Amino acid sequence: MAMDANSAEEFAVGCLLSIKTTLGDEFEGQVITFDRPSNILANYIKEFSFLGQAEDPLDLKKCYLDLNTLQSREESAIRQAELDAERIGVGVTAEAQSIFDALSKTLPVRWDKTVIVVMNEVRVSSPYLSESVTGGTPAANERVRKVLELERKRLQTRGAGQ
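Criteria and cut-off values
- Residues numbered from 1 in each chain as written.
- Predicted model: local features only at pLDDT ≥ 70, side-chain atom pairs only at ≥ 80, totals over all residues.
- Heavy atoms only, no water.
- Core = buried A, V, L, I, M, F, W, Y, C linked by side-chain atoms within 4.5 Å.
- Buried < 20%, exposed > 50% of the residue type's maximum accessible area, 1.4 Å probe, protein only.
- Helix = DSSP H or I, 4+ residues; strand = E, 2+ residues; numbered from the N terminus.
- Contact = heavy atoms within 4.5 Å.
- Polar contact = N/O pair within 3.5 Å; in protein donor to acceptor, adjacent residues only side chain to side chain.
- Salt bridge = Lys/Arg side-chain N within 4 Å of Asp/Glu carboxyl O.
- pLDDT = per-residue confidence, 0-100.
- Pairing = 2+ DSSP bridges.
- Phe/Tyr/Trp six-rings, centres within 6.5 Å; stacked < 30°, edge-to-face > 60°.

- The name given to the chain in an unreviewed UniProt entry is AD domain-containing protein, and the organism recorded there is Escallonia rubra.

Encoded structure:
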């Protein structure tokens, strides 16, 4: 709904409005942003009434930021991004990454260049077949082979369906 230049200041940031939309919805709210050059408050407003003026909701002088909490969140996000980046193989095929992701659902895995290391003992080398599994105890070795074979079958089924 467009407004004339004289009423633009009346509906500035912070004002409280009662609004009825063209779809029949009714609600009350506070203006937190306003495009002065166009004098457009919002689309799809059928009618509105001015309820009063409140404080600017975005007044920086009244905002409180807990810098310790923000810094802690940032550090946590960086740690998580680093962990996520370590899970992405460099110089490996999409198939190798899918196998890594499948193994990681049930077993601890990491990349050692292009080799998948499972439980810090079993190694799966390219071309990531059952015959490519080495190291570890016989039970660990067999577990990795089983997951590897199931994932290869799933990848073949998915590839045939596309």
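### Here we look at the nonpolar core
For soluble globular proteins, the rule of thumb is that nonpolar side chains tend to be buried together.
Then comes step 1: Among the nonpolar cores identified, the biggest contains 18 residues, and Ile99, Leu103, Ile116, Val118, Val124, Tyr128 and Val144 are the most heavily contacted of them.
Then comes step 2: Put simply, the parts of the chain that give this core at least two residues each are α3 (94–104), β4 (109–112), β5 (115–118), β6 (122–124) and α4 (138–160).
Then comes step 3: Ranked by residue count, the leading element in this core is α4, at five residues.
Then comes step 4: Residues in contact with valine 124, not counting those within four places in the same chain, are Thr114, Val115, Ile116, Val118, Ser132, Val133, Val144 and Leu148.
Then comes step 5: One finds Cys15, Ile19, Val31 and Phe34 within the second-largest nonpolar core, a separate group that totals five residues.

### Quick word on the side chain of asparagine 141
Then comes step 1: One can find asparagine 141 in helix α4.
Then comes step 2: Within the local environment of asparagine 141, its side chain forms a polar contact with the backbone oxygen of glycine 135, the two atoms lying 2.9 Å apart.
Then comes step 3: With residues up to four places along the chain from it excluded, the contact list for asparagine 141 reads Val122, Val133, Thr134 and Gly135.

### Quick notes on the pattern of salt bridges
Close approach of charged atoms allows side chains with opposite charge to pair.
Then comes step 1: Across all of its chains, the model carries three salt bridges by this definition.
Then comes step 2: A salt bridge links arginine 152 to glutamate 95; the shortest N-O distance between them is 3.1 Å. Linking arginine 152 in helix α4 with glutamate 95 in helix α3, this pair joins segments that are 57 residues apart in sequence.
Then comes step 3: Among the salt bridges present, the one from glutamate 151 reaches arginine 154, with a minimum N-O distance of 2.6 Å. In this pair, glutamate 151 and arginine 154 both sit in helix α4, three residues apart, roughly one turn of the helix.
Then comes step 4: Overall, the relative accessible area of 6% leaves glutamate 151 in the buried class.
Then comes step 5: Judged by relative accessible area, arginine 154 falls into the partly exposed class, the value being 37%.

### Some points on the confidence of the model for the chain
For any part of a model where pLDDT is low, the fine detail of the predicted coordinates should not be relied upon.
Then comes step 1: For the chain, per-residue confidence averages 83 on the pLDDT scale, and residues scoring 70 or more make up 82% of the total.
Then comes step 2: Ignoring residues within four places in sequence, the model shows residues 1–8, a span with pLDDT below 50, making 18 contacts including any to other chains.

### Digging into the pairing of strand β2 (residues 26–30)
Then comes step 1: As judged from the five bridges shared by strand β1 (residues 15–21) and β2, these two strands associate in the antiparallel manner. Within β2, the position partnered with lysine 20 by the bridge is glutamate 26.
Then comes step 2: Two successive antiparallel strands, β1 and β2, enclose a turn made up of four residues, where glycine 24 displays a positive phi of approximately 95 degrees.

### Side note on the packing of aromatic side chains
Then comes step 1: Applying the stated criterion to the full structure yields one aromatic pair.
Then comes step 2: Plain terms: the ring middles of phenylalanine 100 and tryptophan 111 are 4.8 Å apart, the flat faces sit at 10 degrees to each other, and that makes the pair stacked. Placement of the pair is phenylalanine 100 in helix α3 and tryptophan 111 in strand β4, with a sequence separation of eleven residues.
Then comes step 3: Overall, the relative accessible area of 1% leaves phenylalanine 100 in the buried class.
Then comes step 4: Its relative accessible area of 12% is what places tryptophan 111 among the buried residues.

### Regarding the environment of serine 130
Then comes step 1: Assignment of secondary structure puts serine 130 in the loop between β6 and β7 (133–134).
Then comes step 2: Spatially, the C-alpha atoms of serine 130 and valine 144 are 8.4 Å apart, while their sequence positions differ by 14 residues.
Then comes step 3: Beyond its immediate sequence surroundings of up to four residues, serine 130 is in contact with Arg145, Leu148 and Glu149.
Then comes step 4: A distance of 2.7 Å separates the side chain of serine 130 from the side chain of glutamate 149, its partner in a polar contact.

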